[in-house]
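# Report on the structure
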Amino acid sequence: MGLKIGEHRENHEYGRERKALERALEAARAAGVLGGSVLGSGFAFDLRVFISPGGYILGEETALLEALEDKRGEPRNKPPFPTNHGLWGKPTLINNVETFAAVPIILHKGADWWAAQGKGEYQGLKFLSVSGDVATPGVYCVPMGTSVRELLDICGGVPGGRKLHAFAPGGASSNFLPADQADVALDFQALQKAGSMLGSGAVMAVTGVVLYFAPPYQMASALHWKFLWLSKGRYVA
């Protein structure tokens, strides 16, 4: 595709993460793996950080392209698709950072190695952001197919001797599941069969009664209001 520039979208709330990323990019330039001649090859490529104004809709790829062009972040009509007519009308490869980050190690160690990192029938690795009622929230890289219960154990479990009542396995758009489904595998198909989805990989654990909703000005496009009454591991949405 003859790509010369990469754009990394970073939400404006992530000040600490942005500084860490910018330090890493400067180190990469100093090492010669970014810049005018990557590792002396004559091939030029650099990566820039785009500070996103935020907005749920920017998860849609063409809406993000509009924002990168300093326009209102709204989805474009397709076709044309970004690979033919993307940023500034040029061919554009757009995907999440996790996918791009997996490419080098797959090329280096091979597809069979990557597939073997999963558990049982599942393949590969998955980054998951864990929050809510867990001892050590954070971002964890685990084998695909790890169960929710195993993931929460890695995070130190539920603190204070409380019992897990429910969990959301895939961010704000995913349905909550009751605690008796905590042995479900963190996998796209498995969670779909369970009545939810892996989505963004943002796992939230809940131990009590929760009022969980998104104001309409934040997520009107998703129409995502939820009231969850958690009792004995069950919920009404």
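Residues numbered from 1 in each chain as written. Predicted model: local features only at pLDDT ≥ 70, side-chain atom pairs only at ≥ 80, totals over all residues. Heavy atoms only, no water.

## Comments concerning the overall build of the protein
Heads up, the rule is: Each helix is a run of DSSP H or I of at least 4 residues and each strand a run of E of at least 2, with the numbering of both proceeding from the N terminus. Each residue is placed in one exposure class: buried if its accessible area under a 1.4 Å probe, protein chains only, is under 20% of its type's maximum, exposed if it is over 50%, and partly exposed if it falls in between. Whether two residues are in contact is decided by their heavy atoms: any pair within 4.5 Å suffices. To measure how exposed things are, a 1.4 Å probe is used in the Shrake-Rupley method; for residues, cover is taken only from the protein chains shown.
In terms of helices and strands, the protein carries seven helices and seven strands. In the protein, which comprises 237 residues, the share counted as buried stands at 35%. Summarising the internal contacts of the protein: among those between residues at least 6 apart in sequence, 47% fall at separations of at least 24. For the protein, the computed accessible surface area is about 14,000 Å², with 57% contributed by carbon and sulfur atoms.

## Considering the pattern of salt bridges
As a reminder, the rule being used: In the sections that follow, a salt bridge refers to a side-chain nitrogen of Lys or Arg positioned within 4 Å of a carboxyl oxygen of Asp or Glu.
The full count for this structure, using the stated rule, is 14 salt bridges. Ionic pairing is found between Glu 66 and Arg 76, a salt bridge with its closest N-O pair at 2.6 Å. On the criterion of sequence distance, the pair formed by Glu 66 in helix 2 (residues 61-68) and Arg 76 in the loop between helix 2 and helix 3 (97-109) is long-range, its members being ten residues apart. For the pair Glu 66 and Arg 76, one class covers both residues: buried. The partner of Lys 126 in a salt bridge is Glu 98, and the shortest N-O contact between them spans 3.1 Å. Residue Lys 126 is found in strand 3 (residues 125-132), and its partner Glu 98 is found in helix 3; the two are separated by 28 residues along the sequence. Classification of Lys 126 by relative accessible area gives buried; the value is 9%. Ionic contacts of the salt-bridge type, sharing partners, join the residues Glu 66, Glu 69, Lys 71 and Arg 76 into one network.

## Quick notes on helix 3
What counts, and what does not: A helix's residues, less one, multiplied by 1.5 Å, set its expected span. Under the rule applied, a polar contact is a pair of N or O atoms within 3.5 Å (in protein, one hydrogen donor and one hydrogen acceptor; residues adjacent in sequence only if both atoms are side-chain atoms).
Between its terminal C-alpha atoms helix 3 stretches 19 Å, which fits the 18 Å expected from 13 residues at 1.5 Å a residue. Capping of helix 3 at its N-terminal end is provided by Asn 96; its side-chain oxygen lies 3.2 Å from the backbone amide nitrogen of Glu 98. Two residues or fewer past helix 3, Gly 110 is found with a positive phi of approximately 100°.

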